[in-house]
Every structure is written in structure tokens, then in C-alpha cells.
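Below, each chain spelled out in residue letters.
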Amino acid sequence: MNVNSKLPICPFCNGDSNFSYRLSGYDIWTCNSCHAGFVYPMPSNNELNNYYKGFLFQIASHSYKKILNSFSIFLPYLGIKKKKNKLLDVGGGGGFFSRAFQELDYGSATYIDLDSEACSYAKASGIDNVFCGPIDAVPSDLGCFDLVFARHIIEHVIEPTDFINKAYKMLNSGGKLILLMPNGLSKEYLSLPLFMYRKIKKIILSNRFNFKLIFRSLGKEFHHGIDPLRHLLAINSDSLSIYCKQMDYTSEIKTFSVSNKMVSPYFRYSLLSLPHLFFGKHLAALSGGAHLLCVITKDSN
């Protein structure tokens, strides 16, 4: 067990942390205060850039229709009006969300992604501006945005609060930063047998087998969503709320079920997921839904 001599602090609340277990060759730590889970030490930028080069990038004709349908519900839910809005879509899977934003007549979109293949596809699909790189690679001459949309992005980055701060600075007054991610403390996925089999198998293969570790990993150290190198963090409502208060950001935080079509357009039931119909809503009521939405609004000057 490679436990580091220097104990890391939580990236959200600066609280002390304890080692939880290893996963896919990385140490997973748990904050003692807000219970966020995170990889420490983090991988290097070079490791991540290599990992995301052509990252699982698949385009299917039916995928865009699902995104279009979900976004047509999601944008009104957020109170976004149809006008000349400027959207920055960060890592949105080949620009599907950018394309939907423009086709639904909400304004113009700028798309940025670490994956050059995703950027090429987005450019070919008619997105106004496309850039390859991290969020701060967006040219400053584009000005600020009314919306910065990051769907399942923040759990991938090495410095999540730095990402939030950079995105916040790119907003117009009254603009919204929309963060959608797995809810690290949700137990809703306990009702999905295939998901749980894969998670427990990974933990067993990454550690010396013991029942105490498995039970601990199903409690506050469940860390829904953490899966290095893909997901480096397991974020929850407390983590975000504490950080937003520290920064004096105006925020609204909610959770949604894994089956909610507005935030989870790709989910579909199968025989293996049928237990979720009976137990999922109860688990979500106890610990919050599997999807976590944080909307940060930039205060008007």
C-alpha cells in the first residue's frame, strides 16, 4: 500500500483527509470534513493529455437526438431565454450541446475540448468557434459568456476549484456557470447490479482483499464516480456549498436520479437495471440522486 507520508488536504474545504483504498494504481483519499473523495497524488498533465487523445470518442446518429431532447428541457429549467446568448461548452462530447444550443435558437456557441478528434467533429458540425485545449485556451478577444456549460467535466480535472474560478471569470454579469457531475455521496447506484459488480471488482483487484474494505467502500467512502484516470474526484453537495461560500459565489445545488432524462439522456433500462425501478428512488431520497447539478450565478455589478 503506497500511502503518502504527507497527508493531502481537501481541494474544496481544505480539510484533513484519510487514505481510503487504491483504485487502478492510484491512492484514493477521503476528506474528514466534507467527505469529498480525490486521487492523491494527482497524475501529471502529460498523463492526462495522452489519456484524452482520442478519448473513447464515438459518434452515433441517435446520440445527438437524445442531447437535443434533453437540452430542450434543461435550458428552460435553468431559466434561459431564447435570445442572443453566448455559450462556452467545455468538453461537450464532440460539440453536441453546442450544436443543440444553436439549433434551439438560444444564441451562439464556443466549444473547447482536450480531444482533437472531438474538436474536428464539432467544427465540421457547424459550431461557431472551436478550440483544442484547457478552458483557459479560449482566446480573450471572444469576450465573456452568458453561460459556461461543463457536463461531467470537473471530476476529470486536476485542480477543480481552479477550473471553477477560471470559468467564473469568463462569465458576463448575471451569467451562469453550469456544472453537472456525479454525486459522490449518492447510493442510488447500489440498485444497479452490473455497476456494483464492476466497482467492487475494481476495488478487490486493486487492494488486498478484506471484507472491512468492501463495507467501508459502500459507506461514506463509496465515492460514486471516482475512477482514475477518467474520474479523479468524487464531489458532493457539501463540498461545493462550502467552497462557494468561501468564494462568496451565489450558487444553487440539486441532485437528480440516474434515470432523469433531462440530465442523463443516455440512460436506459435493461433487465440488469430493473432493481432500480423498485429501490433506486428510495436510495436517492436517502443520499441524493446520482447526478449533481451546481449552478453558480455571477452577481451583477
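Residues numbered from 1 in each chain as written. Predicted model: local features only at pLDDT ≥ 70, side-chain atom pairs only at ≥ 80, totals over all residues. Heavy atoms only, no water.

### Let's talk about helix 8 (residues 237-247)
Within helix 8 the residues assigned to the buried category are Ser-239, Leu-240, Tyr-243 and Cys-244. The buried residues of helix 8 occupy an angular sector of 120 degrees when the element is viewed end-on, so they sit on one face. Between a side-chain oxygen at the N-terminus of helix 8 and the backbone nitrogen of Asp-238 the separation is 2.9 Å; the capping residue is Asn-236. Phi for Asp-248, located one or two positions after helix 8, is positive at around 60 degrees. (Buried < 20%, exposed > 50% of the residue type's maximum accessible area, 1.4 Å probe, protein only. Helix = DSSP H or I, 4+ residues; strand = E, 2+ residues; numbered from the N terminus. Arc of directions from axis to C-beta. Polar contact = N/O pair within 3.5 Å; in protein donor to acceptor, adjacent residues only side chain to side chain.)

### Observations regarding empty space enclosed by the protein
Inspection of the entire model under this criterion finds 2 cavities of 30 Å³ or more. The calculated volume of the largest cavity comes to roughly 40 Å³. Put simply, the parts of the chain that give the lining of the largest cavity at least two residues each are helix 2 (61-77) and strand 7 (145-151). Among the elements that take part in the lining of the largest cavity, helix 2 stands out by supplying 3 residues, more than any other. The residue inventory of the lining of the largest cavity, partitioned by class, reads 8 nonpolar, 1 polar and 1 charged. Computed from the structure, the second largest cavity encloses a volume of approximately 30 Å³. Contributing to the lining of the second largest cavity are Phe-71, Phe-74, Leu-75, Leu-78, Leu-87, Phe-101, Leu-147, Phe-149 and Ile-178. Broken down by secondary-structure element, the contributors of at least two residues to the lining of the second largest cavity are helix 2 and strand 7. Sorting elements by how many residues they give to the lining of the second largest cavity places helix 2 first, with 3 residues. (1 Å grid on protein atoms, 1.4 Å probe; cavity = no way out; pocket = protein on both sides within 12 Å on 5 of 7 lines; lining within 4 Å. Points joined across faces, edges and corners; volume = space filled by probe spheres on them. Nonpolar A, V, L, I, M, F, W, Y, C, P; charged D, E, K, R; others polar.)

### Overview of the nonpolar core
Within the largest apolar cluster, 50 residues are counted, with the highest numbers of intra-cluster contacts made by Leu-88, Val-90, Phe-163, Ile-164, Leu-179 and Ile-296. Discounting residues that sit within four places of it in the chain, Ile-164 has contacts with Ile-154, Leu-177, Leu-179, Leu-240, Tyr-243, Tyr-249 and Ile-296. Counting residues in hydrophobic clusters, the runner-up holds 30 residues, among them Leu-75, Tyr-106, Phe-149 and Phe-256. (Core = buried A, V, L, I, M, F, W, Y, C linked by side-chain atoms within 4.5 Å. Contact = heavy atoms within 4.5 Å.)

### Overview of the sheet that holds strand 2 (residues 26-31)
Across the sheet, 4 strands lie side by side as 1-2-3-9; this open sheet has antiparallel pairing. Lying at the two open borders of the sheet, with one neighbouring strand each, are strand 1 (17-23) and strand 9 (233-234). Two elements, strand 1 and strand 2, share 6 bridges in a ladder whose sense is antiparallel. Opposite Phe-19, over in strand 2, you have Trp-29 as the bridge partner. (Pairing = 2+ DSSP bridges.)

### Quick word on the pairing of strand 8 (residues 171-182)
When a strand is regular, its side chains alternate between the sheet's two faces. Relative to strand 8, strand 7 runs parallel, the two sharing 6 bridges. If you follow Leu-147 over to strand 8, its bridge partner there is Lys-176. Following the backbone out of strand 7, through helix 5 (residues 160-169) and into the adjacent parallel strand 8, one traces a crossover that is right-handed. Here 7 bridges tie strand 8 to strand 11 (residues 291-297), and the two strands are oriented antiparallel to one another. Directly across from Lys-176, in strand 11, lies its bridge partner Thr-297. (Right-handed = clockwise from strand over helix to strand, strands pointing away.)

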